[in-house]
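So you can see what is in the structure, the chains are spelled out below.
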Amino acid sequence: PPVIEFTRIGRTYPGPPPVTALKGVNLVVRRGEYVSVVGPSGSGKSTFLNLIGMLDRPTTGTYRFDGIETSGLREKQRTALRGRRIGFVFQAFHLLPHRNAAENVMLSQLYVGVNRKERRRHATAMLDKVGLSHRATALTSQMSGGERQRVAIARALVNEPSLLLCDEPTGNLDSKTAHEVMSLIESLHASGLTVLLVTHDESLAARALRTVMIRDGSLTESIGETR
Ligand code: ADP
Ligand code: ADP
């Protein structure tokens, strides 16, 4: 099944006054795709991202994730599905500053039920994958922005998610570091990972094979325009 299957998804915040942030959104993302989502501020990107990540529920339409119809799930089941199958990467990293890199990566495995030794082994392998094995015992508060984002990517990948969901992943980075982080994400995609990148930066978005544009809560596709 597709990783993401949005069918006529809408989200209206009740207000008052009510605000329809998304309307009639259809989107299918298949395994192994790399899709960017671009749109100006206020267009509905956060709403869209929150729905994809099952942090919020649509008011209309159906969302299947990995073939699972999500509307019937309880909050606990949604949390478990999210924790196991979606890796999140944010602009602001959201790492624990007083823990080292390996501990940060290990923490996201807590609720998948693996023992400490296995968690450490997985964390080490993931830090190696993002080129940070030499920094495993460094506190994240003492790392550069690029290193922090790579730790965050290692953390996002450690449970072998079906989807890597990136929200402005380079928003806090200088352009050289941003380029390195984008190259890392692209190499992960090249090795099979499904990636959804949400950004307001059209030049970043254009690096994906497929771009969808959100405007006033509606979604339009532009396929193959840039390459
Ligand atoms: P973006 O991330 O592209 O800036 P958002 O999804 O945050 O867009 O917002 C889309 C629209 O929905 C905006 O008009 C915004 O003000 C509104 N909105 C977002 N969240 C809420 C909320 N919790 N309650 C009411 N309106 C909201
Ligand atoms: P971003 O910087 O990612 O676009 P926003 O500033 O749009 O994020 O939104 C941050 C949070 O505030 C989101 O959870 C969003 O749902 C909420 N939000 C945005 N607009 C409104 C609003 N008008 N009323 C209430 N909450 C809002």
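Residues numbered from 1 in each chain as written. Chains lettered and ligands numbered in written order. Predicted model: local features only at pLDDT ≥ 70, side-chain atom pairs only at ≥ 80, totals over all residues. Heavy atoms only, no water.

Colleague: What's the story with the sheet that holds strand β5 (residues 68-69) in this structure? I'm lost.
Modeller: The strands that make up a sheet pair up through hydrogen bonds in the backbone, lying either parallel or antiparallel. The strand order across the open sheet formed by four strands is β2-β1-β4-β5, and the pairing between neighbours is antiparallel. A single partner strand is all that each edge strand has here, and the edge strands are β2 (19-29) and β5. Across the sheet, helix α1 (residues 45-52) touches β1 (4-13), β2 and β4 (60-65), and the angle it forms with β1 is around 125°. (Pairing = 2+ DSSP bridges. Helix = DSSP H or I, 4+ residues; strand = E, 2+ residues; numbered from the N terminus. Contact = heavy atoms within 4.5 Å. Axes fitted to C-alpha atoms, helices over the stretch in contact; angles between N-to-C directions.)

Colleague: How should the side chain of Ser 36 be read in this particular structure?
Modeller: Inspection of the secondary structure assignment puts Ser 36 in strand β3 (residues 34-38). On the basis of relative accessibility, which here comes to 0%, the residue Ser 36 falls in the buried class. At 2.8 Å, the side chain of Ser 36 forms a polar contact with the backbone oxygen of Ala 205. In this view, Ser 36 contacts Leu 197, Ala 205, Ala 208, Arg 210, Thr 211 and Val 212; residues no more than four positions away in its chain are not counted. (Buried < 20%, exposed > 50% of the residue type's maximum accessible area, 1.4 Å probe, protein only. Polar contact = N/O pair within 3.5 Å; in protein donor to acceptor, adjacent residues only side chain to side chain.)

Colleague: Can you walk me through the pairing of strand β7 (residues 163-167) in this structure?
Modeller: Burial within β7 is extensive, with four of its five residues counted as buried. Of the strand pairs in this sheet, strand β6 (residues 86-90) and β7 are connected by five bridges, and their pairing is parallel. By the bridge assignment, Gly 87 is partnered in β7 with Leu 164. Judged from the four bridges that link them, β7 and strand β8 (residues 195-199) form a sheet pairing that is parallel. Within the sheet, the bridge partner assigned to Leu 165 lies in β8 and is Leu 196. You can see the chain leave β7, run along helix α6 (residues 175-190) and come back into β8, and the turn it takes is right-handed. (Right-handed = clockwise from strand over helix to strand, strands pointing away.)

Colleague: Help me out: how do you make sense of the nonpolar core in this one?
Modeller: For soluble globular proteins, nonpolar side chains are generally found buried alongside one another. In this structure, Val 105, Leu 127, Val 151, Ile 153 and Leu 164 are the most contacted members of the largest nonpolar core, which totals 37 residues. Of all the secondary-structure elements, those providing two or more residues to this core are α3 (101-107), α4 (116-129), α5 (145-157), β7, α6 and β8. Ignoring anything within four residues of it in the chain, the contact list for Leu 164 reads Gly 87, Val 89, Ala 156, Leu 157, Leu 193, Thr 194, Val 195 and Leu 196. Formed by 28 residues, the second largest nonpolar core is a distinct cluster that contains Leu 22, Val 35, Val 37 and Phe 88. (Core = buried A, V, L, I, M, F, W, Y, C linked by side-chain atoms within 4.5 Å.)

Colleague: Could you clarify how one ought to interpret α4 in this entry?
Modeller: Along an α-helix, a turn takes 3.6 residues, which lines up residues three or four apart on a common side. The end-to-end C-alpha distance of α4 is 20 Å, a good match for the 20 Å that 14 residues give at a rise of 1.5 Å each. All of the buried residues in α4 are Arg 119, Ala 123, Met 126 and Leu 127. Summarising the axial view, the buried residues of α4 lie within an arc of 100°, below the 170-degree limit, and thus occupy one face. Summarising the contacts, the buried residues of α4 are in contact with α3 and α5. In the stretch just after α4, Gly 131 is the one whose phi turns positive, near 80°. (Expected span 1.5 Å × (residues − 1). Arc of directions from axis to C-beta.)

Colleague: It is not clear to me how the environment of Thr 140 should be interpreted in this structure. Could you clarify?
Modeller: Take Thr 140: it is sitting in the loop between α4 and α5. Leave out the neighbours within four places in its chain, and Thr 140 touches Leu 95, Leu 96, Pro 97, Arg 99, Asn 100, Ala 101, Asn 104, Arg 148 and Val 151. Among the polar contacts listed, one links the side chain of Thr 140 to the backbone oxygen of Leu 96, at a separation of 2.8 Å.

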